[in-house]
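# Structural features, examined
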Amino acid sequence: MNLVFLGPPGSGKGTQALRVAKELNLIHISTGDLLREAVKNQTELGQQAEEFMKSGNLVPDELIVKLIEEKISNGDKGNGIILDGFPRTIPQAESLKKMFEQNQEHLDSAVLLEVSDDEVVKRLLGRWYCPKCNAGYNYPSNRPQQEGLCDNDGQELLRRPDDEEAVVKNRLDVYKKQTQPIEEFYRQESILREIKGEQQPDTVFQDILAAVKD
Ligand code: AMP
């Protein structure tokens, strides 16, 4: 089974994609995580991507498509893959379609997590993470037991630089202009599965499982 997870920043797609990947034994591929790792290690890709990411803009299609091509052709595919944060533009969606066709495979579902603009801004401004174990926290709905420290390892929590208010607004604009048209692309292919992303996380998870097994 091959899935794509779509949704605005802060819609919970990263968290849900990880959970669904574990449940269905799929390989989870997050372009945001891969890019942050590349920036941290200052690889050539990381250096090229850094400025785009800091401002909340998209990294150019050719860089991202190359990254995904490498991942898909070299990596272990298990029972299938979940792409989290890719595609984010129509040209990326078209490239992905070609990649699958070349491997005699196809995309089964595009899972869209729907969350309102107000909720996105609220979630991103309250989002913190542990740099050691990557656990995520949210103020005020999911606070750590001790203010500012990770429950798992006591590490001081951080915020992503692109979760600052001005950048959040730009990321939302970029989503609407460049990524939202993909919803129609997958609706036309009859594989768009729309999920209400503002429900309890467990309900969202169950809804996704039901939708992709349909
Ligand atoms: P994310 O963690 O998915 O919110 O991604 C963080 C940032 O990485 C985005 O704001 C973009 O700058 C960049 N990025 C991640 N995935 C893509 C993609 N498919 N196309 C272009 N840029 C991307």
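Residues numbered from 1 in each chain as written. Predicted model: local features only at pLDDT ≥ 70, side-chain atom pairs only at ≥ 80, totals over all residues. Heavy atoms only, no water.

Moving on, we get to the nonpolar core. Core analysis: the largest hydrophobic core is formed by 31 residues, its most contacted members being Val4, Leu6, Leu35, Leu83, Leu96 and Tyr186. Elements with a minimum of two residues in this core: β1 (3-6), α2 (31-40), α3 (44-54), α4 (61-74), β3 (81-84), α5 (90-102), β4 (109-114) and α8 (181-188). Among the elements that take part in this core, α4 stands out by supplying five residues, more than any other. Residues in contact with tyrosine 186, not counting those within four places in the same chain, are Val4, Leu6, Pro87, Ala93, Leu96, Leu107, Ala110, Ile191 and Leu192. In terms of nonpolar packing, the next biggest core, distinct from the first, is built from 17 residues, Leu113, Val204, Ile208 and Val212 among them. (Core = buried A, V, L, I, M, F, W, Y, C linked by side-chain atoms within 4.5 Å. Buried < 20%, exposed > 50% of the residue type's maximum accessible area, 1.4 Å probe, protein only. Helix = DSSP H or I, 4+ residues; strand = E, 2+ residues; numbered from the N terminus. Contact = heavy atoms within 4.5 Å.)

What the rule picks out here adds up to two aromatic pairs. Relative to tyrosine 139, the ring of tryptophan 128 has its centre 6.2 Å away and its plane inclined at 65°; by these criteria the two rings are edge-to-face. Pair noted here: tryptophan 128 is in strand β5 (residues 127-129) and tyrosine 139 is in the loop between β6 (136-138) and α7 (165-179), with a separation of 11 residues, a long-range link. We classify tryptophan 128 as partly exposed; its relative accessible area is 29%. By relative accessible area, tyrosine 139 is classed as buried at 17%. Judged by centre distance (5.1 Å) and plane angle (85°), the rings of phenylalanine 185 and tyrosine 186 are edge-to-face. Owing to a relative accessible area of 2%, tyrosine 186 belongs among the buried residues under this scheme. Directly above the aromatic system of phenylalanine 205 lies the positively charged group of arginine 19, at a separation of 4.0 Å from the ring centroid. (Phe/Tyr/Trp six-rings, centres within 6.5 Å; stacked < 30°, edge-to-face > 60°. Lys NZ or Arg CZ within 6 Å of the ring centre and 35° of its normal.)

What follows concerns the environment of glutamate 198. As for its placement among the helices and strands, glutamate 198 is situated in the loop between β7 (192-196) and α9 (201-213). In the structure, glutamate 198 is positioned 16 residues away from aspartate 214 in sequence and 22 Å away in space, judged by C-alpha atoms. Each residue touching glutamate 198, except ones within four places of it in the same chain, is listed here: Glu114, Val115, Ser116, Glu119 and Arg123.

Below, the discussion takes up the site of the ligand. Close to the ligand lie 15 residues, the nearest being Thr31, Arg36, Asn57, Gly85 and Gln92. The contact in question runs from an oxygen atom of the ligand to an N or O atom on the side chain of arginine 36, over 2.9 Å. Between the ligand and glycine 85 there is a distance of 2.9 Å, counted from a nitrogen atom to a backbone nitrogen or oxygen. Burial of the ligand by the protein chains amounts to 96% of its free accessible area of 490 Å². (Near = heavy atom within 4 Å. Polar contact = N/O pair within 3.5 Å; in protein donor to acceptor, adjacent residues only side chain to side chain. Areas by Shrake-Rupley, 256 points an atom, 1.4 Å probe, with all protein chains shown as cover.)

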